[in-house]
Amino acid sequence: MDPEDPIMQGPGERRVAEAAERIVAEGRPRLHRTWTSLVATSLLGGIDVGVGVMVLLFVRHETGSELLAGLAFSTGLIALLLGHSELFTEGFLVPVATVVAGAATWLDLLRMWGTVLVMNLLGGWVFMWLVMRAFPELHGTAAASGATYVDGGYTLGTFCLAVLGGGVITLMTRMHHGSESMTGKITASVVTAFTLAGLGLWHSVLDSLIAFAGLHTGNATYGYPDWLTWLAWAVLGNVVGGLLLTTALRLIRSAPVLSDDDGRAAS
C-alpha cells in the first residue's frame, strides 16, 4: 500500500484503507474453509449465541427489563468475538468485500451463507433444549418471548425491524475491523447487543433461538411452520439491512483498495 496513493490522502483515509485490507485478508480463509471447518465453526456460532440467549432470558425473567436483558445478551456476542466462531449475519461485510476484491467467488459466498445459517440454527436448537431442561422456571418467559417475534406479523414495521437488525449487526463487524484494540472490539459487541436485543430488533438467528426455547417448553402459541415463515421474513430483512445499510456503503468507501486487491488476485 503506497503512502503516496490518492486513497491515502486526507483524514482517516489511511485507516479506511488498512481496515479494507484487513477485511480481505480475513475473508480469504473464511470463504475457502473446508466443509468440516465451516460446519464446526458455524455450530459453535449457534452455541455461542445460545449462551447469550440463556443469559438474556434469565435476566428478563428476574427483572422484567428489556434493556437489561439486551445488555446481558452481550455475553453471546463477546463469545463470538473471542471464540472466532461464525454467525450468519456477520457474513455480509467481510465475505462480500472479499468476493468484490476477487479473492473468492459468489458461489463460495452462497456456500458459506447457507451452511452458516443452517448450522447456527441447529447448534442453537440443541443448546436451547438443554437450557429449557436445566431451567424450567424460564419456560413462561421463553414462550412469551418467542411469541413476540413469531406472532409479530408481516408488516412494513416488522420488516424494518429486520432491516435494522441486519444493519446493526453488520455495523458491529465494521467497528471490529476499524479498531485494533480488543477493548474497542468488546465495547462494540456490548453496544450492539444492547441495541439489537434491548430495542427488540429482529435478528434471524438470535430470535430463532428465543423461538426454539419457547417451542421446547411445549407451551408456545406457535409451531415450527410458523417459525419457518417468520425466519424467511427475518432473513430477507437482515440481508437487505446488512448489504444496503452498511456493506454497500463500506464497499464504495473502500473501492480503490478493493480494486487494487482484485488486480493483485488476477495477476
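Residues numbered from 1 in each chain as written. Predicted model: local features only at pLDDT ≥ 70, side-chain atom pairs only at ≥ 80, totals over all residues. Heavy atoms only, no water.

Residues Val 49, Val 53, Leu 57, Phe 73, Phe 88, Met 128 and Trp 230 are the most contacted members of the largest nonpolar core, which totals 61 residues. Per-element accounting of this core gives the leading share, 10 residues, to helix 6 (residues 106-134). Dropping the residues within four chain positions of it, Leu 57 is found in contact with Met 128, Met 132, Leu 138, Thr 141, Ala 142, Ser 145 and Ala 213. (Core = buried A, V, L, I, M, F, W, Y, C linked by side-chain atoms within 4.5 Å. Buried < 20%, exposed > 50% of the residue type's maximum accessible area, 1.4 Å probe, protein only. Helix = DSSP H or I, 4+ residues; strand = E, 2+ residues; numbered from the N terminus. Contact = heavy atoms within 4.5 Å.)

Let us look at the packing of helix 4 (residues 74-83) against helix 9 (residues 182-198). Relative to each other, helix 4 and helix 9 sit at 145°, their axes nearing to 8 Å. The crossing of helix 4 and helix 9 is right-handed. Contact with helix 4, carried on its side by Ser 74, Leu 77, Ile 78, Leu 81 and Leu 82, involves Met 182, Lys 185, Ile 186, Ser 189, Val 190, Thr 192 and Ala 193 of helix 9 and no other residues of that element. Counted by class, the contact of helix 4 with helix 9 contains eight nonpolar, three polar and one charged residues. (Axes fitted to C-alpha atoms, helices over the stretch in contact; angles between N-to-C directions. Left-handed = near helix turned anticlockwise from the far one by under 90°. Nonpolar A, V, L, I, M, F, W, Y, C, P; charged D, E, K, R; others polar.)

In this section: the confidence of the model for the chain. Of the residues in the chain, 86% reach a pLDDT of 70 or more, and the chain-wide mean stands at 88. Here helix 12 (residues 255-266) stands out as the least confident element of the chain, with mean pLDDT 53; helix 10 (residues 204-217) is the most confident, with 98. Confidence drops under a pLDDT of 50 for residues 263-267, and excluding neighbours within four residues, the segment shows three contacts in the predicted structure. (pLDDT = per-residue confidence, 0-100.)

All right, on to a nonpolar patch on the surface then. A cluster of nonpolar side chains, namely Leu 122, Trp 125, Val 126, Trp 129, Leu 130 and Tyr 224, defines an oily patch on the protein surface of about 550 Å² accessible area. Its place among the elements puts Val 126 in helix 6. (Patch = residues over 30% accessible without salt bridge, like charges linked within 9 Å, V, L, I, M, F, W, Y side chains within 5 Å. Areas by Shrake-Rupley, 256 points an atom, 1.4 Å probe, with all protein chains shown as cover. Salt bridge = Lys/Arg side-chain N within 4 Å of Asp/Glu carboxyl O.)

With that settled, consider the packing of helix 2 (residues 35-63) against helix 10. Running from amino to carboxyl end, helix 2 crosses helix 10 at an angle of 60°, the nearest separation of the two axes being 10 Å. In this structure, helix 2 meets helix 10 at a crossing whose hand is right-handed. Two secondary-structure elements touch here, helix 2 through Gly 46, Val 49, Gly 50, Val 53, Leu 56 and Leu 57 and helix 10 through Val 205, Leu 206, Leu 209, Ile 210 and Ala 213.

Take the packing of aromatic side chains next. By the definition in use, this model includes seven aromatic pairs. When the ring of Phe 212 is compared with that of Trp 227, the centres are 4.9 Å apart and the planes differ by 55°; the resulting orientation is tilted. Remark: Trp 227 occurs in helix 11 (residues 224-253) and Phe 212 occurs in helix 10; sequence separation between them is 15 residues. Taken together, the ring pairs in this structure connect Phe 88, Phe 92 and Trp 113 into an aromatic cluster. Taking NZ or CZ as reference, Arg 111 lies 4.3 Å from the ring centre of Trp 35, over its face. (Phe/Tyr/Trp six-rings, centres within 6.5 Å; stacked < 30°, edge-to-face > 60°. Lys NZ or Arg CZ within 6 Å of the ring centre and 35° of its normal.)

To continue, consider the environment of Leu 82. On the secondary structure map, Leu 82 appears in helix 4. For the pair formed by Leu 82 and Met 182, sequence separation is 100 residues and the distance between their alpha carbons is 9.3 Å.

In this structure the tally under the stated criterion is three salt bridges. As a salt-bridge pair, Arg 30 and Glu 86 come within 2.2 Å of each other at their nearest N and O atoms. Residue Arg 30 is located in helix 1 (residues 13-31), and its partner Glu 86 is located in the loop between helix 4 and helix 5 (93-100); the two are separated by 56 residues in the primary sequence. The class of Glu 86 is buried, set by a relative accessible area of 2%. Where Arg 60 meets Glu 66, a salt bridge forms, and the shortest distance between an N and an O atom there is 2.9 Å. Overall, Arg 60 belongs to the buried group, its relative accessible area being 10%.

Attention now moves to the layout of surface pockets. Approximately 440 Å³ is the volume attributed to the largest pocket. Forming the walls of the largest pocket are 19 residues, and the residues nearest its centre are Glu 26, Arg 30, Leu 81, His 84 and His 177. Breaking the lining of the largest pocket down by element, the ones donating at least two residues are helix 1, helix 4, helix 8 (156-178) and helix 9. Of all the elements, helix 8 adds the most residues to the lining of the largest pocket, at four residues. Partitioning the lining of the largest pocket into residue classes produces five nonpolar, six polar and eight charged. (1 Å grid on protein atoms, 1.4 Å probe; cavity = no way out; pocket = protein on both sides within 12 Å on 5 of 7 lines; lining within 4 Å. Points joined across faces, edges and corners; volume = space filled by probe spheres on them.)

Further remarks concern unusual backbone geometry. Residue His 84 is not a glycine yet carries a positive backbone phi of 55°. In this fold, His 84 is placed in the loop between helix 4 and helix 5.

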